[in-house]
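Summary of the model geometry
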Amino acid sequence: MEVAQSSYDPRAESTKCPPAADGMERFACPTPDRQGRYRCIDDHVLCDGFIDCPSGEDEDRQACMFYKTTKAHLDVLADALLRWARGR
Ligand SMILES: [Ca+2]
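Definitions and cut-offs
- Residues numbered from 1 in each chain as written.
- Predicted model: local features only at pLDDT ≥ 70, side-chain atom pairs only at ≥ 80, totals over all residues.
- Helix = DSSP H or I, 4+ residues; strand = E, 2+ residues; numbered from the N terminus.
- Buried ≥ 20, exposed ≤ 12 C-beta atoms within 10 Å, placed from the backbone.
- Contact = placed C-beta atoms within 7 Å.

Side note on the environment of Pro-54
Of note, Pro-54 is situated in the loop between strand S2 (40–42) and helix H2 (61–86). Owing to 16 C-beta atoms within 10 Å, Pro-54 belongs among the partly exposed residues under this scheme. For the pair Pro-54 and Tyr-38, spaced 16 residues apart in sequence, the C-alpha separation works out to 9.0 Å. When neighbours within four sequence positions are excluded, Pro-54 is seen to be in contact with Cys-29, Thr-31, Pro-32, Asp-33 and Arg-39.

In structure tokens form, the structure reads like this:
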């Protein structure tokens, strides 16, 4: 019988980030920096006007437009949910 190999993948590991101190998920930039390391960024630095990734992917204009519109919808939804929960 064949035993499945461990799914450990060092390449995937290098782009995985430990969660931030407040438990929020963190994200690895798609390109490594000059030392070959993948920088981990918090989601609140996405599209904040400052380049945090070595190639500036976190400030990509097209991605940020999508991110901001999606986030705006989610904020409205979260707000409505909160009000609904409080009103019960
Ligand atoms: Ca940024």
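Okay, back to it.
Side note on unusual backbone geometry
Phi at Cys-47 takes a positive value of approximately 60°, unusual for a residue other than glycine. Mapped onto the elements of the fold, Cys-47 is located in the loop between S2 and H2. A residue is classified by how many C-beta atoms lie within 10 Å of it, and Cys-47, with 18 of them, is partly exposed.

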